[in-house]
Amino acid sequence: MTDVWRKQYTLDFEDDFSGPALRRDRWLPFYLPQWAGRAQSAARFELPGRGLHLLITEDQRPWNPAFDGELRVSSVQTGCRSGPAGSPDGQHHFAAGLRVVEAQPDEWLYTPHYGLFEVALRADLPAGYLAAFWMIGVERTPQESGEICVCELFGHERGQEHYRVRFGVKPIHDPALHLDMHDVLMPGSPADLHVYSAEWTPREVVFRIDGREVGRVPQSPKYPMQFMLNVYELPAELPGGGRSGPWPKRAEVAWVRGYRRGGHGGADAGPSVEAGDPVA
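Residues numbered from 1 in each chain as written. Predicted model: local features only at pLDDT ≥ 70, side-chain atom pairs only at ≥ 80, totals over all residues. Heavy atoms only, no water.

(A) Up close: the pattern of salt bridges. Per the stated rule, a full pass over the model turns up 21 salt bridges. We note a salt bridge from E14 to R257, for which the minimum N-O separation is 3.0 Å. Note that E14 is positioned in strand β1 (residues 9-15) and R257 in strand β16 (residues 249-261), a separation of 243 residues in sequence. Judged by relative accessible area, which is 34%, E14 ranks as partly exposed. In this structure R257 comes out as partly exposed when scored by relative accessible area, which is 22%. Salt bridges here are not isolated pairs; linked through shared partners, they connect E70, R72, E233 and R243. (Salt bridge = Lys/Arg side-chain N within 4 Å of Asp/Glu carboxyl O. Helix = DSSP H or I, 4+ residues; strand = E, 2+ residues; numbered from the N terminus. Buried < 20%, exposed > 50% of the residue type's maximum accessible area, 1.4 Å probe, protein only.)

Shown next, in the form of structure tokens:
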């Protein structure tokens, strides 16, 4: 914590996944469960003693074939909410015609409003697979739906000596935001451990890899957001997509951290949504 930009922050959230089970007071092991149900969207993962391994297995089913085709995903997230079954009211409304399959209670496990957020990640993935760490609005209204993409690592965008990292801001349904995505070619391999971070302030989002600034986006979501951490298998019709062995595919997360500016609600800090009770 020697960088000047780090000194403005105090650790607010940390998980190195060293316990015997996934901490359900911090993570929900599902991917947008309102649109498919918890059983259909449940994550495949391992906890080897330290770190979280998110998996795509050979027998894994597509999470939502009606609206997302053959996409397979294992994901954990730090918040969730929806309206009643049959309604269109749910987080990350990614396709027209979506309706809630299984109503979700309000669960706000970690939903910060501004701060510094980091993941230490290895993604030794071939073409057809994607590892990502991103944040979405808690979406108490449809406008609170913007996304901060901390990192996207596509298997088909790695070479022998370099790999590409995508990052930026997506509006989804927030009229105050516009699409502003970037990419950078990094030396080395995504199979090595790297730290990907986003510093989110009321004015901008600053993106860094291994402490080095790689880009800034001069816009900012104005509401609390939650973490989304996942590995995908892309459908064959998408660029770089297609299913291939051996199994399982694996994204290895060493740790996730969140920092609050000043530690006690500094000038750039805002209120988060109150945390709910963990799932039984």
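There's plenty left to go through after this.
(B) Layout of the confidence of the model for the protein. Scored by pLDDT, the protein has a mean of 93; 92% of the residues are at 70 or more. Across residues 264-271, confidence stays below pLDDT 50; counting only partners more than four residues off in sequence or on other chains, it has 17 contacts. The model gives residues 274-280 a pLDDT under 50, and that stretch makes 15 contacts with residues more than four places away or in other chains. (pLDDT = per-residue confidence, 0-100. Contact = heavy atoms within 4.5 Å.)

(C) Just the environment of R166, in detail. Here R166 shows up in strand β10 (residues 162-170). As for R166 and I148, which are separated by 18 residues in sequence, their C-alpha atoms are 11 Å apart. Every residue in contact with R166, bar those within four places of it in the chain, is listed here: C149, V150, C151, E152, F154, E157, M181, H182 and D183. Side-chain polar atoms of R166 contact the side chain of E157, separated by 2.5 Å. (Polar contact = N/O pair within 3.5 Å; in protein donor to acceptor, adjacent residues only side chain to side chain.)

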